[in-house]
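Observations on the three-dimensional arrangement
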Amino acid sequence: MGSALLKGLSKADGYTLTACDLDPDALESVAEYSSTTTSDPDVAAEADVVIVAVKPDIVMHVVDDIDLSADQTLVTLAAGVSTDVIEPHTDATVVRIMPNLAAETGNMAAAVTQHSVTDDVRAILDAVGEFVEIDEQQMDIATAVNGSGPAFVFYLLNAMKQAGVDGGLEDEEAKTLAAQTFKGAAETVLQSDQSIDELIDAVCSPNGTTIEGMDVLWDSDADEAVVDAVSAAERRSKELAMESEDE
Ligand SMILES: NC(=O)C1=CN([C@@H]2O[C@H](COP(=O)(O)OP(=O)(O)OC[C@H]3O[C@@H](n4cnc5c(N)ncnc54)[C@H](O)[C@@H]3O)[C@@H](O)[C@H]2O)C=CC1
Ligand SMILES: O=C(O)[C@@H]1CCC=N1
């Protein structure tokens, strides 16, 4: 996730980006997107905004190892790790975000804790996509919707692509048509004043093709399967929260 943020931010003006990782291969893979690479956390800790992008079970140890002051901002993105758990371990302002991998292309959907977000963090999130400011209690559901969400969308997109292949399209053709359709539909939802039901209606010509497919979807449990997937991810985020509080 850290490399996706680095790649996205490297295309924005005004950032000096220090990449820190203990794994030399990981550092090498982001060198061209970074102003500096280092395996020394103390060097990374000199930044105004320090983003700790490690697994939830080690985030606390990494925070303990760096010495930040009150005029710095520590951004945590670990699933299930709350600001309450981090704050006693640092003097910095702690901002929790739930990003996603589309940071890499500047299309990230992110949630951020409204009680602690700073203008610096707003600017970072704005530079790589769209964000919403939420109550921290809503972070588990945001983690499921926009953090894990790309995987769920890839799955649905693949089903659409496979249907195209089964119908006789070449693999690359089906991938392009399915992916661009998801992208275009998402952009329409973001830009339109119409409700999603109204947008569905606009695609359904009277006695046309779309309504035949929509009737199949409306009669199916497809929406419930999506809700179940999101709920499972949300439940796991809550479990991770309990595990981090017990540490
Ligand atoms: N992968 C995703 O789509 C998303 C991940 N996240 C969160 O991002 C965090 C990282 O997840 P991933 O990027 O998937 O894991 P990852 O395993 O791909 O990346 C973690 C990186 O941290 C490095 N690392 C480990 N210990 C370190 C230390 N002490 N100092 C510096 N670097 C160290 C590792 O070498 C590795 O390159 C997790 O807390 C996860 O909850 C949040 C949103 C989306
Ligand atoms: O699967 C995970 O735990 C991380 C957090 C959200 C997306 N990936």
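Residues numbered from 1 in each chain as written. Chains lettered and ligands numbered in written order. Predicted model: local features only at pLDDT ≥ 70, side-chain atom pairs only at ≥ 80, totals over all residues. Heavy atoms only, no water.

When its secondary structure is counted, the protein shows 12 helices and 7 strands. C-alpha extents for the protein along the principal axes are approximately 65 × 40 × 30 Å. For the protein, buried positions account for 34% of its 247 residues. Pairs at least 24 residues apart make up 43% of the contacts formed inside the protein by residues separated by at least 6 positions. Counting only carbon and sulfur atoms, one obtains 51% of the accessible surface of the protein, whose full area is about 14700 Å². In the protein, 11 positive and 50 negative side-chain charges are present, and the distance between their average locations comes to 4 Å. (Helix = DSSP H or I, 4+ residues; strand = E, 2+ residues; numbered from the N terminus. Buried < 20%, exposed > 50% of the residue type's maximum accessible area, 1.4 Å probe, protein only. Contact = heavy atoms within 4.5 Å. Areas by Shrake-Rupley, 256 points an atom, 1.4 Å probe, with all protein chains shown as cover. Lys, Arg positive; Asp, Glu negative; His and termini not counted. Charge placed at Lys NZ, Arg CZ, Asp CG, Glu CD.)

This part is about the site of ligand 2. The immediate surroundings of ligand 2 are formed by Ala79, Gly147 and Ser148. Alone, ligand 2 offers 240 Å² of accessible surface; in the complex the protein occludes 43% of this. (Near = heavy atom within 4 Å.)

We now examine the domain arrangement of the protein. For the protein, the domain assignment lists domain 1 (2–137) and domain 2 (149–229). The centre of domain 1, based on its C-alpha atoms, is set 33 Å off from the matching centre of domain 2. (Domains from an automatic or database assignment.)

Taken together, the neighbourhood of ligand 1 is formed by 17 residues, with Met1, Asp21, Val54, Leu77 and Ala79 sitting nearest. Separating an oxygen atom of ligand 1 from a side-chain N or O atom of Asp21 is a distance of 2.6 Å. Looking at the shell around ligand 1, its residues break down into 14 nonpolar, no polar and 3 charged. (Polar contact = N/O pair within 3.5 Å; in protein donor to acceptor, adjacent residues only side chain to side chain. Nonpolar A, V, L, I, M, F, W, Y, C, P; charged D, E, K, R; others polar.)

What follows concerns the UniProt feature "domain: Pyrroline-5-carboxylate reductase catalytic N-terminal" (unreviewed entry) in the protein. Mapped onto the present numbering, the UniProt feature "domain: Pyrroline-5-carboxylate reductase catalytic N-terminal" (unreviewed entry) falls on residues 1–80. Across residues 1–80, the secondary structure splits into 34% helix and 18% strand, with the terminal C-alpha atoms separated by 15 Å. (UniProt positions renumbered as here; feature names shortened; annotations may be inferred.)

This paragraph deals with the UniProt feature "domain: Pyrroline-5-carboxylate reductase dimerisation" (unreviewed entry) in the protein. According to UniProt, the "domain: Pyrroline-5-carboxylate reductase dimerisation" (unreviewed entry) feature falls on residues 136–240. When the span residues 136–240 is considered, its composition is 80% helix and 0% strand, and the gap between its end C-alpha atoms is 15 Å.

Next up on the list: the pattern of salt bridges. One pass over the structure, following the stated rule, counts 9 salt bridges. Where Glu133 meets Arg122, a salt bridge forms, and the shortest distance between an N and an O atom there is 2.7 Å. Of this pair, Glu133 sits in strand 7 (residues 129–134) while Arg122 is found in helix 6 (residues 119–127), placing the two residues 11 residues apart along the sequence. With a shortest N-O distance of 2.9 Å, Glu239 and Arg236 are connected by a salt bridge. On the criterion of helical spacing, the pair formed by Glu239 and Arg236 is a turn pair, its members being 3 residues apart in helix 12 (residues 222–246). Note on Glu239: relative accessible area 35%, which makes it partly exposed. Judged by its relative accessible area of 38%, Arg236 is partly exposed. Salt bridges here are not isolated pairs; linked through shared partners, they connect Asp119, Arg122 and Glu133. (Salt bridge = Lys/Arg side-chain N within 4 Å of Asp/Glu carboxyl O.)

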